[in-house]
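Notes for the structure review
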Amino acid sequence: MNIQWYPGHMTKAVRMMQENIKLVDVIIELIDARIPMSSRNPDIAKLAANKIKVLLLNKYDLADEGKTKEWREYYKNQGYHTALVNSKSGKGVRTVNEVIMTACKEKIERDRKRGIINRPVRAMIVGIPNVGKSTFINSFAGKACAKTGDKPGITKGKQWIKLNKNVELLDTPGILWPKFEDNEVGLNLAYIGSINDEILQLEELACELIEILRDRYTDKLAEYMGFDLAGKAFELLEKYALKRGCIAKGELPDLSRAAILFMDDFRGGKICKVTLEDVPSEV
């Protein structure tokens, strides 16, 4: 299954980011803890090369705890300031202000020596579509100051948000990049919902995901499915459809409905806590 998706408004979003990055002191990048590498846009890394960087591993409650610790250590060693957050429940959000202040400590001290006191740190928040930026901003600010939704592309334009007396935040639309060099990256993004389901073949996607979970989280998947995992992924999806009551005309399994249910349960953490990527091994 090959996935490529780059709607026209993405080009405009990248241009907007290029124009405004000089206005900020720090880049806050929100990534999905379930796919800590695939949910990072390489274009953002290039644009933010000379900026202070804070990396927020969002939806950590849905990720494999042991793997999350490994990824956090990996990014710390790469020079990032990190925090674990669940923007929906608000867990970890309060720690972010402290992380930003720590990351910008030298910059604040330089300002103080130049007589600039109490100037808020200006931050730009970036991330791929549907990673939870708007929900995080609302949770961080304590009010509904950014639109939220469960579909990619809710944030359409630039908006400045005063989070508190210490931090002003520039929100930007979610940005994907023009071409996924590795098809696995495209699949990972599709699994978590960062690519619009309407352009995907969900049955095929569900089968791909079943194979991965059978390999990485065998016992948890078997417990969720409620039956033996022997056979091809397509056959397992058929059995799952019948078990969930997804029946089409002629008493045949409705694979389309079954795939939607399976993907929804995966994204909602109902199968198990999952991390689909391992920390790169040392070369």
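Right above here is the structure, for reference.
Let us look at the structure shown here. Just so it is clear, the model here is predicted, and its values are computed rather than measured.

This paragraph deals with the pattern of salt bridges. A side chain with one charge may pair with a side chain of the opposite charge, provided their charged atoms come close. Summed over all chains, the structure comprises 14 salt bridges. Put simply, Asp111 and Arg114 hold a salt bridge, and the shortest N to O gap is 3.7 Å. Sharing partners across several salt bridges, the network here consists of Asp25, Lys107, Asp111, Arg114 and Arg119.

A few words on the pairing of strand E4 (residues 121–126). Of all 6 residues in E4, 5 are buried; the element is thus mostly enclosed. Where strand E1 (residues 26–32) meets E4, 4 bridges bridge the pair, whose relative direction is parallel. Following the sheet pairing, Ile27 is matched in E4 by Met124. As paired strands, E4 and strand E6 (residues 167–171) are joined by 5 bridges and run parallel to one another. Residue pairing across strands places Ile125 opposite Asp171, the latter belonging to E6.

Okay, the sheet that holds E4 next. Pairing in this open sheet of 6 strands is mixed, and the strands run E3-E2-E1-E4-E6-E5 from one edge to the other. Bordering the open sheet on either side are strand E3 (81–85) and strand E5 (159–162), each of which pairs with just one other strand. Across the sheet, the mean angle separating the axes of adjacent strands is 25° when strand polarity is ignored. As paired strands, strand E2 (residues 52–58) and E3 are joined by 5 bridges and run parallel to one another. If you follow Asn58 over to E3, its bridge partner there is Val85. Set on the sheet, helix H4 (residues 94–103) makes contact with E1, E2, E3, E4 and E6; between it and E3 the angle comes to about 175°.

Relative to the assigned elements, Asp182 resides in the loop between E6 and helix H7 (183–192). When its relative accessible area of 42% is taken as the criterion, Asp182 is described as partly exposed. Through-space distance from the C-alpha of Asp182 to that of Ser38 is 9.5 Å; in sequence the pair is 144 residues apart.

Rules behind the numbers
Residues numbered from 1 in each chain as written. Predicted model: local features only at pLDDT ≥ 70, side-chain atom pairs only at ≥ 80, totals over all residues. Heavy atoms only, no water. Salt bridge = Lys/Arg side-chain N within 4 Å of Asp/Glu carboxyl O. Buried < 20%, exposed > 50% of the residue type's maximum accessible area, 1.4 Å probe, protein only. Helix = DSSP H or I, 4+ residues; strand = E, 2+ residues; numbered from the N terminus. Pairing = 2+ DSSP bridges. Axes fitted to C-alpha atoms, helices over the stretch in contact; angles between N-to-C directions. Contact = heavy atoms within 4.5 Å.

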